[in-house]
Structures are given as C-alpha cells and as structure tokens.
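Here are the chains, one letter per residue:
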Protein chains: 8
Amino acid sequence: MSADEATTPGANPSEAKPKPKPLGFDDLGYAKIDTDRRCRTGFPEVVFCQGKPDEYLAGIYERMVRTQGCAFGTRASQHQYDVVRAKVPQARYDEVSRVLWVPHDAPARREGEIAVVCAGTADTPVAQEAAQTAEYFGCRVSRYYDVGVAGLHRLLHCIDDIRRANCVIAVAGMEGALASVVGGLVSVPVIAVPTSVGYGASFGGVAALMSKLNSCANGISVVNIDNGYGAAYLATQINRLAVRGNAQ
Amino acid sequence: MSADEATTPGANPSEAKPKPKPLGFDDLGYAKIDTDRRCRTGFPEVVFCQGKPDEYLAGIYERMVRTQGCAFGTRASQHQYDVVRAKVPQARYDEVSRVLWVPHDAPARREGEIAVVCAGTADTPVAQEAAQTAEYFGCRVSRYYDVGVAGLHRLLHCIDDIRRANCVIAVAGMEGALASVVGGLVSVPVIAVPTSVGYGASFGGVAALMSKLNSCANGISVVNIDNGYGAAYLATQINRLAVRGNAQ
Amino acid sequence: MSADEATTPGANPSEAKPKPKPLGFDDLGYAKIDTDRRCRTGFPEVVFCQGKPDEYLAGIYERMVRTQGCAFGTRASQHQYDVVRAKVPQARYDEVSRVLWVPHDAPARREGEIAVVCAGTADTPVAQEAAQTAEYFGCRVSRYYDVGVAGLHRLLHCIDDIRRANCVIAVAGMEGALASVVGGLVSVPVIAVPTSVGYGASFGGVAALMSKLNSCANGISVVNIDNGYGAAYLATQINRLAVRGNAQ
Amino acid sequence: MSADEATTPGANPSEAKPKPKPLGFDDLGYAKIDTDRRCRTGFPEVVFCQGKPDEYLAGIYERMVRTQGCAFGTRASQHQYDVVRAKVPQARYDEVSRVLWVPHDAPARREGEIAVVCAGTADTPVAQEAAQTAEYFGCRVSRYYDVGVAGLHRLLHCIDDIRRANCVIAVAGMEGALASVVGGLVSVPVIAVPTSVGYGASFGGVAALMSKLNSCANGISVVNIDNGYGAAYLATQINRLAVRGNAQ
Amino acid sequence: MSADEATTPGANPSEAKPKPKPLGFDDLGYAKIDTDRRCRTGFPEVVFCQGKPDEYLAGIYERMVRTQGCAFGTRASQHQYDVVRAKVPQARYDEVSRVLWVPHDAPARREGEIAVVCAGTADTPVAQEAAQTAEYFGCRVSRYYDVGVAGLHRLLHCIDDIRRANCVIAVAGMEGALASVVGGLVSVPVIAVPTSVGYGASFGGVAALMSKLNSCANGISVVNIDNGYGAAYLATQINRLAVRGNAQ
Amino acid sequence: MSADEATTPGANPSEAKPKPKPLGFDDLGYAKIDTDRRCRTGFPEVVFCQGKPDEYLAGIYERMVRTQGCAFGTRASQHQYDVVRAKVPQARYDEVSRVLWVPHDAPARREGEIAVVCAGTADTPVAQEAAQTAEYFGCRVSRYYDVGVAGLHRLLHCIDDIRRANCVIAVAGMEGALASVVGGLVSVPVIAVPTSVGYGASFGGVAALMSKLNSCANGISVVNIDNGYGAAYLATQINRLAVRGNAQ
Amino acid sequence: MSADEATTPGANPSEAKPKPKPLGFDDLGYAKIDTDRRCRTGFPEVVFCQGKPDEYLAGIYERMVRTQGCAFGTRASQHQYDVVRAKVPQARYDEVSRVLWVPHDAPARREGEIAVVCAGTADTPVAQEAAQTAEYFGCRVSRYYDVGVAGLHRLLHCIDDIRRANCVIAVAGMEGALASVVGGLVSVPVIAVPTSVGYGASFGGVAALMSKLNSCANGISVVNIDNGYGAAYLATQINRLAVRGNAQ
Amino acid sequence: MSADEATTPGANPSEAKPKPKPLGFDDLGYAKIDTDRRCRTGFPEVVFCQGKPDEYLAGIYERMVRTQGCAFGTRASQHQYDVVRAKVPQARYDEVSRVLWVPHDAPARREGEIAVVCAGTADTPVAQEAAQTAEYFGCRVSRYYDVGVAGLHRLLHCIDDIRRANCVIAVAGMEGALASVVGGLVSVPVIAVPTSVGYGASFGGVAALMSKLNSCANGISVVNIDNGYGAAYLATQINRLAVRGNAQ
C-alpha cells in the first residue's frame, strides 16, 4: 500500500481509528479482542479459524499463547495448522475434529460430566469438536458414538451410563431422530446438534435441524448445524451450574 | 345458463364434447369415470371428496352404489355427509377419519395383515383414514396408536405383534422419528406417512416429511403429508403380494 | 357406531387392542398416558390442549386432578376452558398465555430463579406461557418484558437483576436480536424462543428462528417457534441442576 | 498423537470406551458393526462409502470379506476403489453406478422379478445403483432405460414386460412424471426415485421429489433423491414377500 | 372525510394530482385506465376483480360497458356479481370459473382453434377461466377435461383432436405431468398452467409449477399458478399469428 | 384474577416488577413507553395497532393525546377505531390505509418533498400508509398512483415531477419492477416497498421483495413487505437531511 | 467388464434388453434415439451435452452427422468439443454460448423473425444459446443486447425494430424486470428466460424466475432458468405458425 | 470465427446491430456504455468485474481511464487485476475488498461523513468495499469494525462518534443484529448490508437478510447480501442531500 491511498480507496481499517486505551477490549484494527471476557463469562476466548486470513490467525494464536499460556480454535484447515505451527511450534492439530490448539502446561482438573452421543460415524467430526471443546473448558466428557436409532440396541446398551451425565450433547445428521429418543430416556438437558451429513433432501443439515426443533420429547434445545463448539459452550455452562451452582 | 352463452363465456364443459361410447371410461363432462380400473388394478374406485361440488359428489356416490353395491370416500366434511345421505340413506360417516362410505351388503373376508402405528393422539385421524381404507380394500388391520418415540417403552411393548404384519404404516407428525425406529426393528416394508400435526417450524408437515425421507433405517418409503389413503393403497398391494403373489 | 362397523370402516382404535396391565403406561385407546413419567423425569405431565377433541380433553383433566391433585395445560382456547370447567369447576384460565390449569391445594415452594425477558408486548403471550409453566414446575421466575433492543436503555436498566438467575429465557419475534444481546451480557445459559410475531418477511417466526440459530453470542440454544412450554421445561432442568446438582 | 492428549483435546473415540462383549454389535470405536443384522432383517450389511476415511473403509471391506465372503458398497469414488483393492485384490468397481463390490464365490440364485425403469440417460447411474443392489440382495432384475414420457411410445412399447415384475423402481429427474404414468399402467407397487439430474429450477432433485410426492396415480411411494440403494432394499422386501410370503 | 384532512393524514389520492388530458390513459385517481391499449395490443381490457373495492369495481364495469359495449373480469366473487349487477343489470356470472361479464350485443366471430386440456375435475375452474377468456378474445376453443396421466387411455383417446389446435393450454395441479405428456405428442406450443389443487407437499401449486418448469418435453412454457387468464391471453396471441400472421 | 394466583400461574407481568422512576421510559407492565424517544430521534411515537388488545390500545391513545396533543397508529381495524373513539372522540380513521389518528390542533408546516409512486390500485393501501405517515412526520408528499411498468407511458408522463422530490417511495407487488425503472430515472434515493399483492408464485410478497433486492438500478434499498410506515420513517429522515442537514 | 458380471453387479444396460426393430426409436441401450421425432414435430434432435459421458457423446454426434448431415448440441464444455472434434473434424464450438455444432452443407433459408433481447452483458451466453438454436431451427433472429431497464433509453431506442418480430425472447437475471417492460410495449408473445446471473438473494436465478412468473404485463410465459434452448424451440413453433399457419 | 458462421450458429452479437450514433449510450455490441449517466445521476460508472470476460474487462478499464481519467470496479479477482494491469499499468488492487481501481490524478475533496460499522472481522471485505466505494464517490468515511452485539461495550464506546455521520452503513452476517441496535441509537438512516458470513442455517446470508428486514428499530433499509457497493451508492446520495440539498 502506498502513500496515495490516503486519498483513494484502500485506507487501512487498522490505521483509521487510533484510540487511547479503550475499556475492556484491545483494538488491533482488524479485530477488537474482548480482553474482559473471561472475567465476565468465566470462559477463555476460542478462535473460529475458518475464513481468517493467515497473517491474522497466526498473530492471534501468538498473542493468546503469550497472554494466557494456551490457545484453542475450531474449523481449522491443515494449511492453517502449518501457518500457526511456523510461529507457535507447540501447536497441535486433530484432522478429524479440525481443532487446532496449544495445550496449557498445567491443565486444570476436569469436573462434572457431559455425555456426547452421536448417530453415525460420519457425524464423528462434529461430535469430536464438541467433546474436545468441552474438555478445553474443563469438563469431564464421556463419548458414545455410532448409536443411531436404526439399531436401537446399541443405544439402549449404554443408556444407564449416559444418565450419569449432567448434560447430553446429541449429534446427528440425516433425520436426526437421536435427540428425541435420548430425550425420552434421560432427565437432564439434551443439546441437539444437527449435522450437515446426508444427501438429497437433507439439504445440508436442514432436515436434521427441523426434526430436532419439532422433537416430541422434552428438555431438548438446538444449536446451529455442525455447531459442536456452541453445544460444548452451553453444556459447560450447565455442567458448572450442576457442580458449583450459580457463582454470580 | 341461457341460450346466448353459446357465443359468450360459460359454455358448459359437460356439453362441449359429446362422445359416443369411449373405451374404458364414462364421460360425464365434469368427470371421466375410469370404468376399466378395477379389472386393470384390482382396486375399486375411491372418491377424494374434498373440494368436490355437492351436486357432483352426490351423483358420484349414487352411481357407484348402483353399479358396484358400495362406495368409499376420504376427506369428507360433515356437510358432505349430509348431502350424500339425502340421496343415499345408507351412507355412514366417521368424524375422526372423515371417511364417508356405503358398506357392501356382503363384505369380502379380510386377508393378510397390515400394522398401522401412530405417534400421538393428534395423528389418529390420518391413521384411521389409512386403517379404514385398507380394510375397505380387504386387508386385516392391527392398530398401535400413541406409541411415539418420546416414551419408547410403549412401542417396545408391542413390537413383537407389529412384526407379524406384512407391511407397516407409520403415521407421525412433528419430527417424525417413529418410522426410523420401527424400520430398524422389523423386516417388512415401512410406509411412512408424515402428518401436518405440529406448530412453528413443523411447516405443516414438511419437517416430518424431510425427516422420513432422510431416515437412516432401511426399507422405508414415504407418501405425501397426511396421505393415509395412499399409504393404505400401497400397503394393500404389498399385503396381496405376500398373500397371493403377483397375479399378473 | 353400530355393530356392522366391525366388518367395515370405523373400527374404533380404543377397542381394537385391549391389553392387560401394560408396564409404565395406561392405555385409553385414544391416548397412552405415561404413568411412569414423573418418577423417570421428575416432571408432572403437561397437556398440549390445541386440537384435542373436547371429550378427550375433559377426560384427561378429570383424571389428572383425581390422581395427582392438579393439572396444567397450554394452548387452550376459551371454549376448551368452558368444556373443562363444566367437569372440573376449580379450573382456571389465563386469556393471554392461554394456560388452563387446576391449582394444587398445597403448592410446593419455588426454588432457584429463572429470568424471562421478552422483546415487545406482542411477545407477552409466549413469555407468560414460559413463565407460568416454569412456576408450575416449581421454579421462582422473574419477568422483564418489553425490553427489545431498539430501545437498549430499557434492557441495560435491568441487566444486573437478570444476571442473578440460573437461566434466562429470551422471547422475541421479528428479527429476534434480543437473545444475542442478552447472551453477550450474562454468563448462564440463554434459551431463545422465537415467536411468530411479525409480518411480511418474518414468515411466521422463521426470521426470528434463523436469527437466533446464527447468534454470534455464546451459550444460546433455541426451541421451536412460540414454544414457551419447551423453554420452561428445559430452564427448569437447568435451574434444578444449579440448586440440587444431578440427582441421578 | 502423543501422551499428553489424555489431558487435552484429541482423546481418541476408539479408545475411550473399551467394552467387553456387547450384545449384537461389534464396537470398533469409529463404528459399531451391527452383527445381528442379517438374522434380524435377512439382509447383509451394505457400505455407504461416500465420506468414509480411507483407512476405515479398507478395514470394513476386509472384515466383511473375511466374515461373510463378499462385500458391497455404494457411492464409492475411483480413489476409494484403489484404496480397497490394495487390501482386497478381488474387489471390483463400476464407474457408472459407483458400486464397489467383492463378488461371492458361490452367489445365490436370483428369485422373483423387479423392473427398473428410468427416464433419461443421465438417470442411468442411479438406476444402475438400484439394479445392482437388488441383484446383490438376490432379486432378478429387468431394466428399461431412457423411456421418459416426452416420447411415450418408448414406454408403451415395453409396458407388458414391466407388468410381469413384482415391484417397479421408477428413476427420473427433472419433472419426474415417469412414476405417475407407470403407476397408472401397472398393478404392483411403484417405488419412485427422484434424481438430482436437471438444472435451474430443478433444485438438485427437489422438483422431481415434489412431483412424485404429489402423484395423481396410486401405489406410489418415494425415497430420497438419488437413493437407488434405498429403493432396491425396499423392492427386495416386496419381491421376497411376493415369492415367499412373510417368513416371520 | 372533513376539511381538516388536507393538513393531516387521509388526503385522497384521487384529488391529489388533477392533470389536464394525459396522453393514452384516463386518470380516475384510484386507477389510470389504459385507453390506448386496444390499439396498441389488439386486446380489450380485462378486469382482475379480486380485492377491488365494491365502488371502484362497479364504476369500472359501468364505464367499460358505456365505452366499449361489453366487459369481462376474472376472479369475481358472488358478492361482486351482486354489486355489479345492481348497476349493470345485463351482467352475467359463472360460479365455477368466477368470470363476471357483460356480453356484447354483436359478438365477433371466433377464429382459429385453441385446445384446453385439464387433468382432474378440481382443475376445472382454472380451465374454464382460460377457455372463456380465450373465447372473449375471439378464439374458437375445444375442451378436453379430466384427462390426467394416471388413466392415460383417456388422453390418448382424444389426442388426434387436440393436434388440430394452434396452441394447447394444459391445466394441472398436483404433480402436473400432463403438460409433458401432451408436449411430447403435439407439434404446437403448450402453455402449462399449474393449479393450486392438491394438499400436503403440493405447497399451493408450487410442486406443479416446478414440475412444469423442468419438463423434459419441448415447446412448453409456464404461467403463474392458477393463471388461466394469462394462458388465454398468450394462446390468443399465438392463435392470431397462426390465423393472420403478424399484423405489425 | 384472585389472590391464589401469586403462588400459581397467571402472576401478572404488570405487577411483578414495580420500579421507582426508571430513566427514559415509563413502565406500564404490558409496555415500556419510550418517553425519551422524540428528543433522541426527533420522531414522535407511532402505534402498531395490529394485535394489540383493546384495553391496551385505548389506554395508549388516551395517554398519547394527553401528553403530546395528537396520536397516530397504523394497521388498525374498524373495530379498533370504534374502541379508541369511545375514549377519544376526536379520533379519525381511513379504511383504505387503515391509519387511526388524532389530529393535532396546530399541525406543523410541512417541509421538503417526498414522492410516493405505486404500481397498481391494489397497492394503494400500502402507498397511503406511507404517504400519510410521512405527512404526520411533517413532510410534503406528492402521490403518483397506478403507474406500473406494464403501461410505461403513464410513468414517463410524470417522471419530471417525481424528480423534484428529495426521496422516492416506490410501492409495488407482483413482480415489483417499478423500483428499478424509477431508480434508473431519478438521482435521489428510492425506497422500495414490496407489497403482498399478487397470487400463486408471488408468495405473499416474496417475489416482489426478491425482485427489489436484486435490482439492477442504483440507489435502491428495501423495507419489509407492506411496510409503508417504515418507508415513510426513512424517507422523512432523508427529507430532513436534505432540508436541514444533520442537526447532530 | 468380465464374464462373471452376469451373476454379480454391473450387468450392462446396453446388453440387457436386445429388442428386434422397435417402432419409432433406435435402442442403443444407453439411449433410445427418437427417430420418429422430426416427422412428428418438425424439429431435428438437439443434444443436451452437459453430463454426457465422452464416449456416448462422440457416438451420438457421429451418428447424427451420418444420418442427417448436421448436428447441434447445447451446454458443451471445451473438453467435450475436443472429444467430438477428434471423431468429427468439421465440428465447431462457441465458447460464449457453449454450443457445439456441425454445420449442414446446404443450410436451409431462414424464415420469419424472432427478437432476442437481453438485459446485461452477463446474460449474453444464455441469449446466444437461444439465438443460435433458433437459427439452427431455421428462424431469422435479430439481437438486442445490454438493454436492461436501469437505463431505459437503450431499450426505447430499438423498440420499433423489436415490434417487427413474431415473437420476443427476453433474457434477464437479477430482478428480471425486462420481460414486463417489453411485454407492455409489444403485441406478440414474450418468452421470458430467467438467468442465474446475480448474487446474494438472487438464489441462482430464482428471484428472476419469480419476478417473471408474477409479471403484471400480458402475453408473457416463462421457461426454466438459463433455458435458452427451450425458449428458442418454443419461439420457433410460434414463428412457424405466424409464417405458415398450423400444418397439421 | 470463420465466414460460414453468418449462416450458422455463432453470429457475433457485436457485429449484428451496427447503429449510427445512438443517443446517450455507446454500443460496443457486448456492452452499451451509459455515457449519459454521470450527468443524469451525478455518479461515475462503476464496473461489476465478477464474471466479465478478460478481454471485455480490460477494454472497459482502458476506455474509462481514457475518457474520465479514472476507473473503479468491485468484485475483481487477482487474475483480473493482472489482466487489467497489463493494459493499464497504474491500476491498483485491494485483496481484502477486491476493489480494482485507477486513481484520479486530481481526486476531488471529500465532503460530509458516512459511518461504516461492521460486526466481525469476517465482514471486513464487504465493509471495505462499501467504504472505498463511498470514498470514490467523494464522501468522507469513518470506519468502526468488529463491534458486533455479542460484546456490546465495543459499540457503545464509539456510538457518539457514529452519531456525527449523515448516514450509517451497518455490515453484518450471521444473525445480523447490529443494524437494529445501531438503528435504536442514532437518528439518521441506517443502511443494512447482510453478509454471507456464517455457516449452517445462515444460508449464505439469508438469515442476516431476514433479520434486517424484520428489524424492530426505525430508519433501517436493506440492500442485497454482500452488496457493499449498493449501500455506498445510496449512502452517497443521502450524504449529498445532507451537504448540498437536492440539486434538481
């Protein structure tokens, strides 16, 4: 970018608004980091990697590791892992869940219990995103995979274990009946995560989403399609309430 | 209608095309009755009452009773029952299923077995339309109502009985998970009937329809929303094949 | 119904399957009451009144009052209130929330706290259904109505009070931005209830539903359009976990 | 994956839940193989290849060949064929239908008859998936391709042959009128398979799907867009009932 | 309306813009009658009655009869017929097609030929709107009703007659396959009119509309759902070109 | 409501949160009147009447007249007019625009100019809602009705007058082409208001909405379907900026 | 394919049904060429290239050139051109319209006149497909490109020329207002071709399609999105009727 | 293209209609440049680069620079930048906003003020397209990025600065609540630009679009998804009216 750009297009957003010490966020121009978040919500920041330019992403990981000793991001590509690892060598990556993280030297002990159940092997990536995020947030997680309703005996086999959890995350694409069946068998909240798994009239997860919204069972709520992260955040809030009560 | 209408709008369709003896149908102008149907398909004609003008409807019932000794129609209103009964006193009506029929003096014996299962009490009208239509077509029908997946023990309680049928009709609105669960537990065809029962994002049965089309279980096919009649027709075809083989 | 119906349409579903003592439900033919539910889930049964035939509805209320000393139903019409009151004189009705209930002689003490916030006065019926249901389930409820984001100062005025709750139910139609703004200001779960309030491109609540599913804030999940009851059920589960932990 | 992952994200689902001898399935962690299926339903397992990771896919084919002497999968890519063939040299692949299979040394005799009709040459891949699957399941299959309704004489030419089958699979994209015309000409069940063939307002098969759901002919049911496998499964069930009756 | 309204809401549109002699239209305030239309297009004005206030509608019919000796409108209700007849006693009304017209004393001779075919009796109202409009525009019309593709022999019986027409209007709801079958059998343009007849997944005619847009036959174009008038206008243009060539 | 309701459902929202003197709004329980609005935005409050309970509506009109000397509401029914007039006798009502207002004794002078153009007579109600609202907000308004693009000479006739306005509101249903044609002919902002006028594939205004969003002309923005009020509000803001500049 | 395929999947459709001399078509197995078409409809066959396997496509071009001296196909890729040219060296290709054709040695004289108008330069490919197809079918074609309604003077400049045509093809994406404006200015049929040009809420041409279906002008019908070929076929039928009358 | 193409497909549109001196546009065959535009609307032409063939694009830039000393285009790819730069070396390109421009030697002074606010960093490209376009049109622009409602303190921090602008452009994907919150806090028009940022049920920006159309705040209008250019054009019109009044 050259000097004449001040009078023509291209004026850089990061330079346009220098501000002395704003309260509760740190203005990098291309991002306003919500520094005040952990103390407001009790959760560390998580990076949504998809679509972030390489340079920004590496910068954000670097800064997070420096200031909080760890970092965690979802929907990262193998390429983004390479970019980040070049600057933060201790970064790790899981190809299935597409989680890109830097482990803390002294991870906290995990508390309570969240159950992650998923319908088919194709739903595993979303289930793993949910499970790993919840673990990053400090929850103990038990996994029950490939227990879709077409072979009901597989689910019934482990339902007593599932009932021990403070919250269930039910991950399913296609017709998404899993959440309803689970919801009828447990007494704790079930967070349904529709996935984009399917073809034809599954419409990229819309069939599963609509199915879950219309569940005839109680205690079920829904997050966006493939949003394993969002389900884990909410499940962590519920798990904490069950373990600690409302700290407010 | 007066004489000048020949040169202006309103020319009556029933008069426009007088035809001597067409083959295989009887041209009433407002309808071409498919006289050749029973011998072509083995099924008597069934009337779709909804939207038929009063005069036409009564005429059709009268003629069917005269020529075949019985009549059967779906989606009839109480008003239509009154209209038909004025001309055909032996007509009967079921307010729940909205079936309007004239029983045969000597009904045929019923053969084979079709199971009709439905998820909730609100799905009963569609289930009854299916069950009564199948009985009119000569099938033995067993009913399993209010066995939705939110209380799975109710379905598991009767699954062994359901397995005896040659074909299962699974009627469910809302998220429509019933067909998938049943489909995973039986080895015969399951015909899924989505119903318009529900609210909000059920979109008049579309959520249930999409759910069934994306079923993860095998041996499931779908008919139109609330189409109990269509499911019964197909179930009867399958039941006959199981009892008699293909007569072709 | 007369005798000949055994061999023609209309065979009554309530007579078709007499069963001796099924386990965990009571088979009335038109409904299988889930008698085992309160001990399985800790929640009493709630009646979805809309669309239930008069005779069935009155019967259900009568039986519930006899067996459990109280009853509670949602989406009841004024007409249904009249029908039920004729049999159960102590029944009460709220025209705004359309809740039809029979209060218990000795209501339980309410525990914890749920906040119900709603965007505009037109959303009040759904908010009240949620609030009253949660109270029936034994929660303490605080209400914050008409605090939509177009006049943000109204919400900010009461945000400190809202933060005390164990769970927030956010009710909003139209663009449904309320849940995101609240979700960014509290640390407990927010259950978003889209309402069908609006016109034109609100598509009966779909705009609000989609808005909430795509919330940029964390800890938000969604129930079906206008499903105040469902939100209350889930909020009660969370409130109980916060107060008592998981009793499993 | 290194040791520290036990305390951070990435905990492997296949290791998380070691279970001794579950009943009716074999838990590989990434999949729970439904070992009990053939005796429950009379059908061998079929692999949905699309989206399966290479390593898992090869493992599944290997195991199936070892335990049952043959294997069969749909929606396989050329790449997946290469992957499987490296481990199972006798594997075969059909580029048109995308079926990837290992033939049995002693294939069973085929019974009954299913007719597969398709509208245009572009629908051939789905028609072939259906035909080959039905053959794998032990049915005799007759094929009638490129008989769309725009040139009706082609269909009428072979309709007498089609009538001999116990079940018809009608495969068509675009407006999908084929199933209705066939349904009006035969007396056995017609399974309609909409295909994603088309452009513009065909919406990836939705136009064909909606057309078939609204068919004015009787005895027609629908499976998901491009779901040749599902149609074959159902057709086989019907064909068996016609040949053997219900073995239950 | 009182005098103060000039300075407050309610200022009447018919008074707001008095204009001396605009060219080619006559400004009534609530309508600008396109006086120049017949000489520009060769077609008299036709009134779309639905939704027009009573007073406006009667005024328009009165003026048209005075200036051109006849009038013709579509989608009129019985009530509107009463309103118009009070002012124009020679008005006539057809309850099926909902056409409201005032015949000309000396109707022109009809020329050429248009065929109107329709699938089921429920499609008759739209077919009659098309047929009567085309007759009003001076075309000879032949009608072929209830010839849907589920009983193909009915259509094949009259196809030779249909081929004589200069243009075919094909009216069908539900899956709308009629236009494709006809289009494959004739060599002149086919104008497809989807109707809103159907239920469930017919979505008020959208299924039929999409089916026709994706027709595999040639020479087919589509007008809006239930738009019999629009089809007749276009068919008349084509019929005139065939009879007279382009008069331009 | 009786005393026992404090411990059961029905607790009245208006009583639940008594608050001493909140800043910038007046808490009526069922509504929080934004008292601070006129000084924050320069606009008086306008009432959206549709769906408001009678009692609330009359109360709101009474209070507004008392505090600001006038009142104005949109989407009122004749019944609501009767209800309000019983309490506020000087209220007036326009059946076409459905505006319900109480004129000010000393209306302000109107400034600037807004042009309201509309396509057909059926769009007049929405156009009048827009025009009257803008007048209430103090704008001079010129009306150009029934100038749809099917008879282009009507629009071209008055385009020079339209160009004088500071802003154009273009109201059109059906295909909604008016805004694009106007937008290509003027140099000021065009606010497009799609209307729900149409049938079949107009989908209650969605066709017009999509058409306007995709306009190939510049300077066009869109408000919700039938939202004449919203267009007027925005047009007033623009008109004021043109007359007075930004007063901030 | 090897011999064992007779008993396993992959049985080739082209071998399955050898038929001696079917009437009116030539059965290649993968295609049934409609040999009877030109004499039934007066049109030569046109190839829809998109999605055809290379081997089939080359075979079809070869055969068509051999039997009729020319060939013409739409939606061909550059690669398909290379494939065909290898076998038919005189083949030609237009990258813009994607037409792949073999010119006739003695092309017929062109008759009548069709006008092709298009809105923007991005719509040119579809317009050219329409224009070239109509020319192949023997019509004289005049082109008017980049005359969208945002700059109305461009269209008005050439409207007198357009009026000379027997039929107008109006090609436009985005909001698609062109057809309505043209339809109001000419007296011959207008065939509207929506294109997939646009972004955001154009939904791949759906906005343009819906706009055209709801046109307020008369004499407009619609073909599928981007279907230049279909419009040309229909326009040719109309042009022939205008030049020759109905030859039937 | 060779000579025989005059009698076969491929006749070039640029040659077909040579016109001597049309009024107000310059006919290049593939484009009709609207030479009359700047004096009609006060805006220079802007190029929509996406989808333009290379040769055309370079030609257009060359000509614009020659005739008006500068050029500006949106949605350009890196490849297109290379193509244009080869002919116009002083061209510049911004990878984020995808703007491709040739700066004027003597840029005009910027006037007034427009505020561009955007919700998240992923929305920056659209925000920058808007900001740079407005600057090209001569507006002063202030930028406020990453101020989404999930962290409301970031927006409140700069709201006083935003209020100084004559118009606000609010850019947001996902649920798009930003426009409503801003609209409730300022008194000038807010132009909402939904972006396609998001996943799952964001449907490529449709969720954000619907949210904005249903905003409960006043003074908000909407442009197409990702249409930063359109918002800037409209904002410039408003800004000019505020600075200069209507020059008409």
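Refer to the structure presented above.
Read on for an overview of the structure. (Residues numbered from 1 in each chain as written. Chains lettered and ligands numbered in written order. Predicted model: local features only at pLDDT ≥ 70, side-chain atom pairs only at ≥ 80, totals over all residues. Heavy atoms only, no water.)

## A look at the interface of chain F and chain H
The extent of an interface is frequently quoted as the accessible surface area lost upon association of the parts. Of the residues lining the interface, 32 residues belong to chain F; the matching set on chain H comes to 32 residues. When chain F packs against chain H, the two sides together hide about 2900 Å² of surface, and 53% of this comes from carbon and sulfur. Scanning the region where chain F abuts chain H turns up zero salt bridges. Joining chain F to chain H, the criterion identifies eight residue pairs in polar contact (both at pLDDT 80 or more). Considering every element that reaches the side of chain F that touches chain H, the biggest residue donor is helix 9 (residues 228-244) of chain F, with seven residues. Looking at side-chain class alone, the side of chain F that touches chain H contains 15 nonpolar, 13 polar and four charged residues. (Contact = heavy atoms within 4.5 Å. Buried area = accessible area lost by both parts, 1.4 Å probe. Salt bridge = Lys/Arg side-chain N within 4 Å of Asp/Glu carboxyl O. Polar contact = N/O pair within 3.5 Å; in protein donor to acceptor, adjacent residues only side chain to side chain. Helix = DSSP H or I, 4+ residues; strand = E, 2+ residues; numbered from the N terminus. Nonpolar A, V, L, I, M, F, W, Y, C, P; charged D, E, K, R; others polar.)

## Quick word on the state of the cysteines
The final tally for this structure, using the stated rule, is zero disulfides over all chains. With no disulfide of its own, C49 of chain H lies closest to C70 of chain H among cysteine sulfurs, the gap being 14 Å. (Disulfide = S-S within 2.5 Å.)

## A word on the packing of helix 5 (residues 124-136) of chain A against helix 9 (residues 228-244) of chain A
Residue and element names in this part refer to chain A. Between helix 5 and helix 9, the least distance of the axes is 8 Å, while the angle of their chain directions is 35°. For the crossing formed where helix 5 meets helix 9, the hand is right-handed. Of the residues in helix 9, those touching helix 5 at V126, E129, A130, T133 and A134 are G228, Y229, A232 and T236. Its residues assigned to classes, the contact of helix 5 with helix 9 shows five nonpolar, three polar and one charged. (Axes fitted to C-alpha atoms, helices over the stretch in contact; angles between N-to-C directions. Left-handed = near helix turned anticlockwise from the far one by under 90°.)

## Remarks on the environment of V102 of chain G
Residue and element names in this part refer to chain G. Summarising the element assignment, V102 is placed in strand 6 (residues 99-102). Classification of V102 by relative accessible area gives buried; the value is 1%. Taking the C-alpha atoms as reference points, V102 and A231, 129 residues apart in sequence, are found 21 Å from one another. What V102 contacts, discounting residues up to four positions off in sequence, is Y61, V65, C70, A71, V88, Q90 and A91. (Buried < 20%, exposed > 50% of the residue type's maximum accessible area, 1.4 Å probe, protein only.)

## Things to note about the sheet that holds strand 6 (residues 99-102) of chain H
All names here are of chain H. Strand order in the open sheet formed by four strands is 3-4-6-5, with mixed pairing between adjacent strands. The two strands at the open ends of the sheet, each matched to only one other strand, are strand 3 (47-48) and strand 5 (92-94). Alignment of strand 4 (residues 71-74) against strand 6, held across three bridges, turns out to be antiparallel. For G73, the partnering residue across the bridge sits in strand 6 and is L100. (Pairing = 2+ DSSP bridges.)

## A few points about the relation of the copies chain F and chain H
Once chain F has been moved 0.0 Å along the axis and rotated by 180°, it coincides with chain H to within an RMSD of 0.0 Å. Seen this way, the second copy is the image of the first under a two-fold rotation axis. With an isologous cut-off of 70% or more, the 100% of interface residues of chain F that recur at the interface of chain H puts this contact in the isologous class. (Least-squares fit on C-alpha atoms with pLDDT ≥ 70 in both.)

## Overview of the pattern of salt bridges
In this structure the tally under the stated criterion is 72 salt bridges over all chains. Here R110 of chain A makes a salt bridge to E135 of chain A, at a shortest N to O gap of 3.8 Å. Within this pair, whereas R110 of chain A is found in the loop between strand 6 (99-102) and strand 7 (111-118), its partner E135 of chain A is found in helix 5, the two being separated by 25 residues in sequence. Judged by relative accessible area, E135 of chain A falls into the buried class, the value being 7%. When the shortest N-O distance is used, the salt bridge between D82 of chain D and R85 of chain D registers 3.2 Å. Of this pair, D82 of chain D and R85 of chain D both sit in helix 4 (residues 78-87), three residues apart, which is roughly one turn of the helix. When its relative accessible area of 34% is taken as the criterion, D82 of chain D is described as partly exposed.

## Looking at the pairing of strand 9 (residues 167-172) of chain C
Residue and element names in this part refer to chain C. Burial of strand 9 is extensive: six of the six residues sit out of reach of the surface. Across the two faces of strand 9 the burial is the same, with C167, I169 and V171 and V168, A170 and A172 all buried. Sheet topology note: the strand 9/strand 10 (residues 190-194) ladder contains five bridges and is parallel. Each bridged residue has a counterpart across the sheet, and for A170 the counterpart in strand 10 is A192. Taken together, strand 9, helix 7 (residues 178-183) and strand 10 form a β-α-β motif whose crossover is right-handed. (Right-handed = clockwise from strand over helix to strand, strands pointing away.)

## A few points about helix 8 (residues 206-213) of chain G
With eight of its eight residues buried, helix 8 of chain G lies for the most part within the structure. Those residues of helix 8 of chain G that sit buried are V206, A207, A208, L209, M210, S211, K212 and L213 of chain G.

## Some points on the side chain of S221 of chain C
Secondary-structure assignment places S221 of chain C in strand 11 (residues 220-222). On the basis of relative accessibility, which here comes to 2%, the residue S221 of chain C falls in the buried class. Apart from residues lying up to four places away in sequence, S221 of chain C is in contact with S221, V222, V223 and L234 of chain A together with V190, I191, A192 and L234 of chain C.

## Notes on the pairing of strand 7 (residues 111-118) of chain G
Residues and elements named next belong to chain G. Summarising burial for strand 7: seven of the eight residues are buried, a large majority. Where strand 7 meets strand 8 (residues 139-144), five bridges bridge the pair, whose relative direction is parallel. Each bridged residue has a counterpart across the sheet, and for I114 the counterpart in strand 8 is V141. With five bridges connecting them, strand 7 and strand 9 (residues 167-172) associate as parallel partners. Looking across to strand 9, one finds that V116 is bridged to I169.

## Things to note about the sheet that holds strand 3 (residues 47-48) of chain B
Residue and element names in this part refer to chain B. The strand order across the open sheet formed by four strands is 3-4-6-5, and the pairing between neighbours is mixed. Sheet topology places strand 3 and strand 5 (92-94) at the edges, where each strand pairs with a single neighbour. One ladder, built from three bridges, connects strand 5 with strand 6 (residues 99-102); its direction is antiparallel. Residue pairing for strand 6: Y93 is matched across the bridge by L100. Packed onto the sheet, helix 3 (residues 54-68) meets strand 3, strand 4 (71-74) and strand 6 and runs at close to 145° relative to strand 4. Along the sheet face, helix 5 (residues 124-136) touches strand 4, strand 5 and strand 6 and points at about 160° away from the line of strand 4.

Purely geometric stuff here, so don't read any function into it on its own.
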